[in-house]
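An overview of the molecular structure
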Amino acid sequence: MSAARLITAVLAVLSVLPCLAQPPELPEITTEKVGEDLYVLFGRGGNILASIGDQGVLIVDDQFPELAIKYRATIRELGGGAIDFVVNSHWHYDHADGNKVLGPEGSWIISQANSRDMMTKDNTINTVLRPPVDQPAYPPPALPIATFEERMQLHFNGERIDLLHYGPAHTTGDTATVFRGHNAVHMGDVYNNSGYPFIDADNGGSLDGIIEFCTAVLKEIDEDTVVVPGHGPVATYKDMEEYVAMLTTIRDRLAKLIAKGASLLEVVAAEPTADWDDAKGDPTRLLDRAYASMTR
């Protein structure tokens, strides 16, 4: 190779290297005010609900470690300071991996007891449509320091905050967080408003559990309650009521097929979700995990 061609080749490689070295661009954090000093923060991963007031800052869910710098800046812009409390709606990485930043910095983390137990172990999440996700055990500073079994109350920023657990649903350790003064609830991934729900059937979740959990929460709130889903836009009581009705119908259709000995392929071919596919999207993951939870 001539010297000129060698120099040209080297320059071509060097021109590519900066692009290869660039970390993936982080999404912008957008916000929606759902009450006085109560905001939903959208980024990547689960929706964050932030209470900002005289006593400090409490958030529900904390997304990914690399996003902490961005949503903390957003919280400062909204008038808050350091994050004092974090409630984990459950233990999945896209909702709780921010613990690895906030815990060591001094935030007090709270979760349902089963969620903390799962965070102490190495876990695998079968996402069905993508390769399984391995979620390693969290280091001690990232683990919740307070847990509850069925109910817990916090009194913060002038209102009562109820943490509620009604058994396995999306996972074994889900929490609904009700802000009584604002009449708002964060549902975690028990209620997914961005498509069909994901059921972590290999880690205790079930379709029956999601239906029962949402039904129990509907009895705790009212028709004016602001409902924050784990993913998707802010919703209403009626939206979650319709979600329960949809899942109940799908569950009943699946139960009939399973009782006749239908395989998963036969269940998919029967199209038990056809009434909602245009609005909710691909039902493959829902049917796979619902079938697993109903036949185990």
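The notes below deal with the structure included here. Numbering of residues starts from 1 in each chain and follows the order in which that chain's sequence is written. Side-chain atom pairs in this predicted model are given and counted only at pLDDT of 80 or more, local residue features only at pLDDT of at least 70, and totals for whole chains, interfaces and linings cover all residues. Side-chain calculation: all heavy atoms of the structure are included, whereas hydrogens and water are not.

Should DSSP find at least two bridges between two strands, the strands are regarded as paired. Comment: elements are numbered from the N terminus, with helices defined as DSSP H or I runs of at least four residues and strands as E runs of at least two. The pairing of strand β10 (residues 151–156) with strand β11 (residues 159–164) spans six bridges and is antiparallel. Each residue of the ladder has a partner; that of methionine 152, found in β11, is leucine 163. Hairpin connection of β10 to β11: two residues between the antiparallel strands, including asparagine 157 at a positive phi of 50°.

In this fold, asparagine 192 is placed in the loop between β13 (184–186) and α6 (207–220). Only protein chains enter the calculation, and the probe is 1.4 Å; a residue is then buried if its accessible area is under 20% of its type maximum, exposed if over 50%, and partly exposed in between. Judged by its relative accessible area of 7%, asparagine 192 falls in the buried class. Polar contacts, as used here, are pairs of N or O atoms within 3.5 Å; protein pairs need one atom able to donate a hydrogen and one able to accept it. Residues neighboring in sequence count only if both atoms are side-chain atoms. Within the local environment of asparagine 192, its side chain forms a polar contact with the side chain of serine 194, the two groups lying 2.6 Å apart. In this description, contact between two residues means that some pair of their heavy atoms is separated by no more than 4.5 Å. Once residues within four sequence positions are removed from consideration, asparagine 192 is found in contact with Pro197, His231 and Tyr243.

Looking now at the environment of glycine 80. Structurally, glycine 80 can be placed in the loop between α2 (68–77) and β5 (85–87). Residue classification places glycine 80 among the buried residues on the basis of a relative accessible area of 17%. If we skip the residues at most four places from it in the chain, glycine 80 touches Ile52, Val57 and Ile75.

A few words now on the pattern of salt bridges. We count a salt bridge whenever a side-chain nitrogen from Lys or Arg sits within 4 Å of a carboxyl oxygen from Asp or Glu. Inspection of the entire model under this criterion finds 15 salt bridges. A salt bridge links arginine 251 to aspartate 252, with the nearest nitrogen and oxygen atoms 2.8 Å apart. Relative accessible area serves as the criterion here: at 35%, aspartate 252 is assigned to the partly exposed category. By sharing partners, the salt bridges in this structure join Arg151, Arg160, Asp162, Arg180 and Glu220 into a single network.

Here we take up the packing of aromatic side chains. When two rings of Phe, Tyr or Trp (its six-membered ring) have centres within 6.5 Å they constitute a pair, described as stacked for plane angles under 30 degrees, edge-to-face for angles over 60, and tilted for the intermediate range. Inspection of every chain in the model, using the stated rule, returns five aromatic pairs. With a centroid separation of 5.5 Å and an interplanar angle of 85°, the aromatic rings of tyrosine 166 and phenylalanine 213 are classed as edge-to-face. You can see tyrosine 166 sitting in the loop between β11 and β12 (176–179) and its partner phenylalanine 213 sitting in helix α6, a full 47 residues away along the chain. Between tyrosine 191 and tyrosine 243 the ring centres are 4.7 Å apart and the planes differ by 75°, which places this aromatic pair in the edge-to-face class. Of this pair, tyrosine 191 sits in the loop between β13 and α6 while tyrosine 243 sits in helix α7 (residues 237–259); the two residues are 52 residues apart in sequence, bridging distant segments of the chain. Grouping residues by exposure puts tyrosine 191 and tyrosine 243 together as buried. Within the aromatic cluster, the residues linked to one another by ring pairs are Phe85, Trp108 and Phe156. One Lys or Arg, arginine 44, reaches over the ring of phenylalanine 64 and ends 5.5 Å from the middle of that ring. Definition used: whenever NZ (Lys) or CZ (Arg) falls within 6 Å of the ring centre and also within 35 degrees of the ring normal, the charge is taken to sit over that ring.

Now for the environment of serine 293. Within the secondary structure layout, serine 293 lies in helix α10 (residues 284–295). Along the chain, serine 293 and asparagine 203 lie 90 residues apart, while their C-alpha atoms are 9.9 Å from each other. Apart from the residues lying within four places of it in its own chain, the contact partners of serine 293 are Ala201, Gly205, Ser206 and Leu207. A polar contact is formed between the side chain of serine 293 and the backbone nitrogen of leucine 207, at a distance of 3.4 Å. Separated by 2.9 Å, the side chain of serine 293 and the backbone oxygen of alanine 290 make a polar contact.

What follows concerns the sheet that holds strand β6 (residues 108–112). What the seven strands build is an open sheet, ordered β1-β2-β3-β4-β5-β6-β9; its pairing is mixed. Looking at which strands have only one partner, the edges of the open sheet turn out to be β1 (30–35) and β9 (146–148). Recorded for the sheet is a direction-independent mean angle of 20° between the axes of neighbouring strands. Pairing geometry for β5 and β6, over three bridges, is parallel. Paired with valine 86 across the bridge in β6 is isoleucine 109. Throughout, an axis means a line fitted to C-alpha atoms (over the contacting stretch in the case of helices), and angles, computed between N-to-C directions, take values from 0 to 180 degrees.

With that settled, consider the sheet that holds β13. Strand order in the open sheet made by the six strands is β10-β11-β12-β13-β14-β15, with mixed pairing throughout. Of all strands in the sheet, those bounded by a partner on one side alone are β10 and β15 (235–236). As defined by bridge partners, β11 adjoins β12 across four bridges and the pair is classed as antiparallel. Considered in β12, the bridge of isoleucine 161 is made with phenylalanine 179.

Now for the side chain of histidine 231. Inspection of the secondary structure assignment puts histidine 231 in the loop between β14 (226–228) and β15. A distance of 3.3 Å separates the side chain of histidine 231 from the side chain of aspartate 94, its partner in a polar contact. Sequence-distant contacts of histidine 231, defined by excluding residues within four places in its chain, comprise Gly45, Gly46, Asn47, Asp94, His95, Asp189, Tyr191, Asn192, Asn193 and Ser194.

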